[in-house]
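The primary structure of each chain is shown beneath.
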Amino acid sequence: MWKTSGVGAVVLAAWLAMAGHAMGEPQHGIAMHGQPALPADYASFPYADREAPRDGKVVYGVRGTFDSLNPFLLKSIRTTARGVIDPQFGNLVYETLLQRSRDEPFTMYGLLAETVETDSDRTWAEFAINPNAEWADGQPVTPEDVIFTYELLTEKGRPPYNARTKRISKIEKTGDRKVRFTFNEKADREFVLLIGLTPVLPKHAIDPDRFDKDPLANPLGSGPYVVDKVEPGARIVYRRDPNYWGRDLPSRAGFNNYETITVEYFRDQTALFEAFKKGIVDIYPEGDPVKWATAYDFPAVKDGRVKKASFVSERPESMLGFFFNTRREVFADRRVREALAMLFDFEWVNKNLFDGRYRRTGSFWQNSGELSALGRAADDRERALLAPFPDAVSDAVMEGSYLPSKTDGSGRDRQVLRAALRKLGNAGFAIEDGKLSKDGKQLAFEIIVSGLGEEKMALAYQRSAELLGIAVTVRTHDDAQFQSRRQTWDYDMTIASLSASLSPGAEQYGRWGAQSRDVDGTFNYAGAADPAIDAMIGAMVNSREREDFAAAVRALDRVLISGHYVIPLYHIREKWVAHWDHIKYPEKTPLYGYQLPVWWSEK
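Since this is a predicted model, take the numbers as computed values, not measurements.

Moving on, we get to the overall build of the protein chain. Counting secondary structure elements, the protein chain contains 16 helices and 26 strands. Against the compact-globule benchmark of 25 Å for 603 residues, the protein chain has a radius of gyration of 26 Å, which places it among compact chains. When its C-alpha atoms are laid out on the principal axes, the protein chain stretches across 90 × 70 × 45 Å. By the burial criterion, 55% of the 603 residues in the protein chain qualify as buried.

Right, dumping it as structure tokens:
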């Protein structure tokens, strides 16, 4: 036996501690910062009711169409049937190595993988596949399936899946049930969690040569449901797999409580709402405050068969706005974007169209406390991050005094119009014969929208812009054409929404990073490509401590606000859902708000 004493024992103890820290230990979960909130022997997520009834059915309704059951292809990125993998309805067919808890900022627990192991610097990660995990045909889920998934999606997948191997130096099978990822210098501390969030595909059931040839082929997954019926563009029906392997997992307890799930498609929101009123659709999330106050007076509401529910979460508000496509010359100048943003008359719109029920959005992490830069001066951490980019943030945004422009609500506030005109003058524009022009060419652009609600917003903006002699065309498309144009950056301006998180990470590269500017199918609607943005995202995803992370997010918020890539619109703190009375949900609302996958039916 190796014996030591005195200083030698201390040195050995320190070495063993560092080695253990570097080697890591298998864990039941992993958090972006700190430790998972739930212990290894947890019974269920705190917002799920493990005693919920597990029968009945639900019918969801969505606007649009679908022509694919393959969510991994670029050509079907916006037209895959809802539910195959779905942030709202749940991943019904395909599963991931780890399952995210919606009651913590960013923490993952075991799903296909029983445990995850990594070192303190997160330069590698090893996942142990659950011995019970199997595909719907009864075949086991294996490390070979995980390796195959990355090989296939790198060659034929869409963003972000096709780019993940750029941050991986090696994937290898290290045991009968273990697969190990070794990362390269491009990986960050969040990347382990993104590996855990990547769906796994069955090697034995997929022909790589046919993977992108038949988008409506029935998918084989390991998830709780199988595809039962498909009517392309109209509806898809999922039936619960009676042999689902994961039904007793703590991360699945209280989830997937319906025998069948149907997703019905509708051409427009009016048709969808009428279907809900008739009982064809069971659940209707409502985003219009005027409708919430006035449209729910039909008999089923009055007699209690339809319930109205309101939820408040700690999640930051989504950024809904008009996005400037800076790939187009007309919006290349930040001064022009700033001036045009001033022309959205929120006060008039809110008063005349929404009965004053909305609040103006000003931050990309609105209502998030520590993550939003709005009304908050930059601290020393933020200033240090931003120091290499002295022109990236305006003085008002740095000092915390910035707010979106505010009008008198008249629809033609002359003070705001004059201020916007001065900024446009600084960019070389002047009014000539009633037209705002530069070098003899009128300032003109097109806004593409989908749906009457978006059209109303665009027409209101058009009216304000015309007061300065700006020619704005509003073009309304059906969902398929709208998604096609937006996916290939074929627009000047569009309305879009970017969800916000309490733990933003590498997805920000796909929204704002230079690497996503010219890649079709990403969410970089604005075409942003700024070294300051990339640097702030890099600092964010590599932060070890929550305080440094929050400072990096606020710094990114300041750069985005100062860049005037978006005309922010509005938000409401509450989230509203109307549902038929047989639909029930748990008492606890998690950190990120209500979660449809833990609801159930008592019908």
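Read on, since the account is not over.
Taken as a whole, this structure holds 33 salt bridges when the rule is applied. A salt bridge links arginine 239 to aspartate 228; its shortest N-O distance comes to 3.6 Å. Linking arginine 239 in strand S10 (residues 235-240) with aspartate 228 in strand S9 (residues 225-231), this pair joins segments that are eleven residues apart in sequence. On the basis of relative accessibility, which here comes to 35%, the residue aspartate 228 falls in the partly exposed class.

In this fold, proline 87 is placed in the loop between strand S2 (57-63) and strand S3 (98-101). Residues proline 87 and glutamine 595, 508 residues apart in the sequence, show an inter-C-alpha distance of 9.5 Å.

This part covers the sheet that holds S3. Strand order in the open sheet formed by three strands is S1-S4-S3, with antiparallel pairing between adjacent strands. Each edge of the open sheet is held by one strand with a lone partner, namely strand S1 (29-31) and S3. Across the sheet, the mean angle from the axis of one strand to that of its neighbour is 25°, orientation sign disregarded. Pairing analysis gives three bridges linking S1 to strand S4 (residues 107-110), with the strands arranged antiparallel.

Spatially, S20-S19-S21-S14-S22 is the arrangement adopted by the five strands of the open sheet, whose pairing is mixed. If you trace the sheet from one side to the other, it starts and ends with strand S20 (471-476) and strand S22 (566-568), each paired once. The sheet shows a mean angle of 30° between the axes of neighbouring strands, taken without regard to direction. In this sheet, S20 lies alongside strand S19 (residues 444-449) in parallel orientation, the contact comprising six bridges. Residue pairing in the sheet places glutamate 446 in a bridge with threonine 473 of S20. Along the sheet, helix H7 (residues 334-341) contacts strand S14 (319-324), S19 and S22; its crossing angle with S14, the most-contacted strand, is approximately 130°. Against the sheet, helix H13 (residues 479-487) touches S19, S20 and strand S21 (493-498), its axis set at about 90° to S21.

A few words now on the side chain of serine 68. Position of serine 68 relative to the elements: it lies in the loop between S2 and S3. From its side chain, serine 68 meets the backbone nitrogen of asparagine 70 in a polar contact 2.9 Å long. Not counting residues up to four positions away in its chain, the partners in contact with serine 68 are Ser76, Thr79, Thr80, Ala81, Pro215 and Leu216.

Where helix H15 (residues 531-541) contacts helix H16 (residues 546-563), the two axes come as close as 8 Å, and the packing angle between them is 160°. Judged on the interaxial angle alone, H16 and H15 are roughly antiparallel. As H15 packs across H16, the resulting crossing turns out to be left-handed. Two secondary-structure elements touch here, H15 through Ala532, Ile533, Met536, Ile537, Ala539 and Met540 and H16 through Phe549, Ala552, Val553, Ala555, Leu556, Val559 and Leu560.

This part takes up helix H2 (residues 143-156). An ideal rise of 1.5 Å per residue puts 20 Å on 14 residues; H2 measures up with 20 Å between its terminal C-alpha atoms. Of all 14 residues making up H2, ten are buried, and the element is well covered by its neighbours. The inward-facing, buried residues of H2 abut strand S6 (124-129), strand S7 (168-173), strand S8 (178-183) and helix H3 (191-197).

In terms of residue burial, S21 counts as a mostly covered element, since five of its six residues are buried. Pairing between S19 and S21: two bridges, direction parallel. The residue of S21 that forms the bridge with isoleucine 447 is methionine 493.

Each aromatic ring pair is specified by the distance between its two centres and by the angle formed by the two planes. Counted according to the given criterion, the structure contains 40 aromatic pairs. Look at phenylalanine 311 and tyrosine 594: their rings are 5.0 Å apart centre to centre, the planes differ by 40°, and that puts the pair in the tilted class. Taken together, the residues phenylalanine 311 in strand S13 (residues 306-311) and tyrosine 594 in the loop between strand S25 (583-584) and strand S26 (600-601) connect sequence positions 283 residues apart. Residue class for phenylalanine 311 comes out buried when judged on its relative accessible area of 6%.

Listed as buried for H13 are Asp479, Phe482, Gln483, Arg485, Arg486 and Gln487. Of the residues flanking the end of H13, it is tryptophan 489, one or two places downstream, whose phi is positive at about 65°.

Another aspect to go through is unusual backbone geometry. Of note, the bond from proline 159 into proline 160 is cis; its omega dihedral lies within 30 degrees of zero at 0°. Here arginine 122, not a glycine, exhibits a phi torsion of approximately 55°, which is positive. Along the chain, arginine 122 turns up in the loop between strand S5 (113-118) and S6. Here arginine 122 falls in the buried class, since its relative accessible area comes to 9%. In this model, tryptophan 489 sits at a positive phi of 65°, which is unusual for a non-glycine residue.

There is a patch of like positive charges on the surface, built from Arg412, Arg414, Arg418, Arg422 and Arg463. In this fold, arginine 414 is placed in helix H11 (residues 414-426).

Between H7 and H11, the least distance of the axes is 9 Å, while the angle of their chain directions is 165°. Classified by the angle between their axes, H7 and H11 sit roughly antiparallel to one another. Taken as a pair, H7 and H11 cross one another with a handedness that is left-handed. Counting all contacts with H7, which are made through Arg335, Val336, Glu338 and Ala339, the residues of H11 involved are Ala420, Lys423, Leu424 and Asn426. Here the residues of the contact of H7 with H11 are counted per class, giving four nonpolar, one polar and three charged.

Grouped together as the largest cluster of nonpolar side chains are 76 residues, with contacts concentrated most on Leu97, Phe127, Phe181, Phe183, Ile195, Trp512 and Ile533. Broken down by element, the residue count for this core peaks at nine residues, all from H16. Setting aside anything within four residues of it in sequence, one finds leucine 97 in contact with Gly110, Leu111, Leu112, Ala113, Phe127, Ile129, Val146, Ile195, Gly196, Thr198 and Val200. Residues Tyr284, Ala420, Tyr570 and Trp576 belong to the second largest nonpolar core, which totals 58 residues.

Relative to the assigned elements, phenylalanine 66 resides in the loop between S2 and S3. The class for phenylalanine 66 is buried, based on a relative accessible area of 2%. Note: C-alpha distance between phenylalanine 66 and glycine 233 (167 residues apart in sequence) is 4.6 Å. Once residues within four sequence positions are removed from consideration, phenylalanine 66 is found in contact with Thr79, Thr80, Ala81, Val230, Glu231, Pro232, Gly233, Ala234, Arg235, Ile236 and Tyr265.

Rules used throughout
Residues numbered from 1 in each chain as written. Predicted model: local features only at pLDDT ≥ 70, side-chain atom pairs only at ≥ 80, totals over all residues. Heavy atoms only, no water. Helix = DSSP H or I, 4+ residues; strand = E, 2+ residues; numbered from the N terminus. Rg over C-alpha atoms; globule rule 2.2 N^0.38 Å. Buried < 20%, exposed > 50% of the residue type's maximum accessible area, 1.4 Å probe, protein only. Salt bridge = Lys/Arg side-chain N within 4 Å of Asp/Glu carboxyl O. Pairing = 2+ DSSP bridges. Axes fitted to C-alpha atoms, helices over the stretch in contact; angles between N-to-C directions. Contact = heavy atoms within 4.5 Å. Polar contact = N/O pair within 3.5 Å; in protein donor to acceptor, adjacent residues only side chain to side chain. Parallel < 35°, antiparallel > 145°, perpendicular 65-115°, else oblique. Left-handed = near helix turned anticlockwise from the far one by under 90°. Expected span 1.5 Å × (residues − 1). Phe/Tyr/Trp six-rings, centres within 6.5 Å; stacked < 30°, edge-to-face > 60°. Patch = residues over 30% accessible without salt bridge, like charges linked within 9 Å, V, L, I, M, F, W, Y side chains within 5 Å. Areas by Shrake-Rupley, 256 points an atom, 1.4 Å probe, with all protein chains shown as cover. Lys, Arg positive; Asp, Glu negative; His and termini not counted. Charge placed at Lys NZ, Arg CZ, Asp CG, Glu CD. Nonpolar A, V, L, I, M, F, W, Y, C, P; charged D, E, K, R; others polar. Core = buried A, V, L, I, M, F, W, Y, C linked by side-chain atoms within 4.5 Å.

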